[in-house]
Amino acid sequence: AQSVSQHNHHVILSEAASLELGCNYSYGGTVNLFWYVQYPGQHLQLLLKYFSGDPLVKGIKGFEAEFIKSKFSFNLRKPSVQWSDTAEYFCAVRTGTASKLTFGTGTRLQVTL
Amino acid sequence: EAQVTQNPRYLITVTGKKLTVTCSQNMNHEYMSWYRQDPGLGLRQIYYSMNVEVTDKGDVPEGYKVSRKEKRNFPLILESPSPNQTSLYFCASSLSGIYDSPLHFGNGTRLTVT
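To start, this report covers the structure provided alongside it. Quick caveat: nothing in here was measured; it's all calculated off a predicted structure. Along each chain, the written sequence defines residue order, and numbers are assigned to residues from 1. By the order in which they are written, chains take letters starting at A while ligands take numbers starting at 1. Owing to the predicted nature of the model, reporting of local features is limited to residues with pLDDT of at least 70; listing and counting of side-chain atom pairs is limited to 80 or more, with chain, interface and lining totals taken over all residues. No hydrogens and no water enter the side-chain calculation; it runs on all heavy atoms of the structure.

### Points about the nonpolar core
Then, in step 1: Formed by 28 residues in total, the largest nonpolar core has its most connected members in A:Leu33, A:Trp35, A:Leu47, A:Leu48, A:Phe74, A:Leu76 and A:Tyr89.
Then, in step 2: Contact between two residues is taken to exist if any of their heavy atoms lie within 4.5 Å; hydrogens are not considered. In contact with A:Leu47, not counting residues within four places along its chain, are A:Trp35, A:Tyr36, A:Val37, A:Gly59, A:Ile60, A:Phe63, A:Leu76 and A:Tyr89. Take the buried Ala, Val, Leu, Ile, Met, Phe, Trp, Tyr and Cys residues and link them wherever side-chain atoms come within 4.5 Å; each set so joined is a nonpolar core. Classification of residues uses two cut-offs on accessible area relative to the type maximum, computed with a 1.4 Å probe and protein chains only: under 20% is buried, over 50% is exposed, and between them is partly exposed.

Okay, structure coming up:
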């Protein structure tokens, strides 16, 4: 069965710092990759997704992610975080023809002023 | 407004007392799914449905039931709740599976079983 690893459980950054959150998956075939964000007290929202084509995908609010097939990774990046980016971030993977998403355990990002 | 609506938002119950959490979407989505969110475990899928009368188990289906009699509704049923089902539950839907359309999530139901 596929698995998704997010090694950073809790990240604390100052405003304007750069962000990179790691996401690795274990599956050798075709994958669709997603990042979701959950702001405090809210439901999950899609940040960005990768299905095919350019491995560098851009999402909302200045976020981007790069799919590196050889490393089984889909890391999330943002050049300069804002206090409003404080949230929990989930990486998710769909593998092959599966009809479900497998989520990582999430990374809690805290941005300080 | 396009949305996924779950009810109730908060629920406290006792062990063994049957309960139902409702989920309804107004986007004519074919795919619906239930997840539970627990600290340190992320989101785990309980059940999903590809369309009316088509349901299948996710990763943690034990102790839960679902039904999909209508396209818009996908209730989650706990026949005999136990304390280990205390969790935050999310319903989600997408247009046609998750092949090319993202999941839309409800606002969550926080369930406490004593």
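### Observations regarding the pattern of salt bridges
When the charged atoms of two side chains with opposite charge come close together, those side chains can pair.
Then, in step 1: Definition used for salt bridges: Asp or Glu carboxyl oxygen within 4 Å of a side-chain nitrogen of Lys or Arg. One pass over the structure, following the stated rule, counts eight salt bridges over all chains.
Then, in step 2: For B:Asp38, the salt bridge goes to B:Arg36, with nearest N and O atoms at 2.8 Å. Accessibility assignment for this pair places B:Asp38 and B:Arg36 in one class, buried.
Then, in step 3: Measuring nitrogen to oxygen at the nearest pair gives 2.9 Å for the salt bridge that ties B:Arg44 to B:Asp38.
Then, in step 4: The exposure class assigned to B:Asp38 is buried, which follows from its relative accessible area of 11%.
Then, in step 5: By sharing partners, the salt bridges in this structure join A:Lys58, A:Glu64, A:Glu66 and A:Arg77 into a single network.

### Regarding unusual backbone geometry
Then, in step 1: With omega at -5°, the peptide bond leading from B:Asn7 into B:Pro8 counts as cis.
Then, in step 2: Starting at the N terminus, helices and strands are each numbered in turn, a helix being any DSSP run of H or I of at least four residues and a strand any DSSP run of E of at least two. Within the secondary structure, B:Pro8 sits in the loop between strand S1 (4-7) and strand S2 (10-13).
Then, in step 3: You will see that A:Phe72, though not glycine, has its phi angle at about 50°, which is positive.
Then, in step 4: You will see that B:Asn28, though not glycine, has its phi angle at about 60°, which is positive.

### Comments concerning the pairing of strand S5 (residues 42-51) of chain B
When a strand is regular, its side chains alternate between the sheet's two faces.
Residue and element names in this part refer to chain B.
Then, in step 1: Most of S5 is tucked away: seven of the ten residues are buried.
Then, in step 2: Pairing between two strands is assigned when DSSP locates at least 2 bridges connecting them. By the bridge criterion, seven bridges tie strand S4 (residues 31-38) to S5 in an arrangement that is antiparallel. Each bridged residue has a counterpart across the sheet, and for Arg36 the counterpart in S5 is Arg44.
Then, in step 3: Between S4 and the antiparallel strand that follows it, S5, lie three residues; Gly40 among them carries a positive phi value of about 80°.
Then, in step 4: In this structure, S5 lies alongside strand S6 (residues 54-57), joined through four bridges in antiparallel fashion. Bridge pairing in S6 links Asn51 to Val54.
Then, in step 5: Connecting S5 to the next strand, S6, in antiparallel fashion are two residues, including Glu53 with a positive phi near 65°.

### Topic: the state of the cysteines
Residues and elements named next belong to chain B.
Then, in step 1: The disulfide criterion used throughout: a pair of cysteine sulfur atoms within 2.5 Å. By the definition in use, this model includes two disulfides over all chains.
Then, in step 2: Across a sulfur-sulfur distance of 1.9 Å, Cys23 and Cys91 are joined as a disulfide pair. Every disulfide takes its handedness from the sign of the S-S torsion; for Cys23 and Cys91 that torsion is -75°, giving left-handed. Of this pair, Cys23 sits in strand S3 (residues 19-25) while Cys91 sits in strand S9 (residues 87-94), and the two are 68 residues apart along the sequence. Accessibility assignment for this pair places Cys23 and Cys91 in one class, buried.

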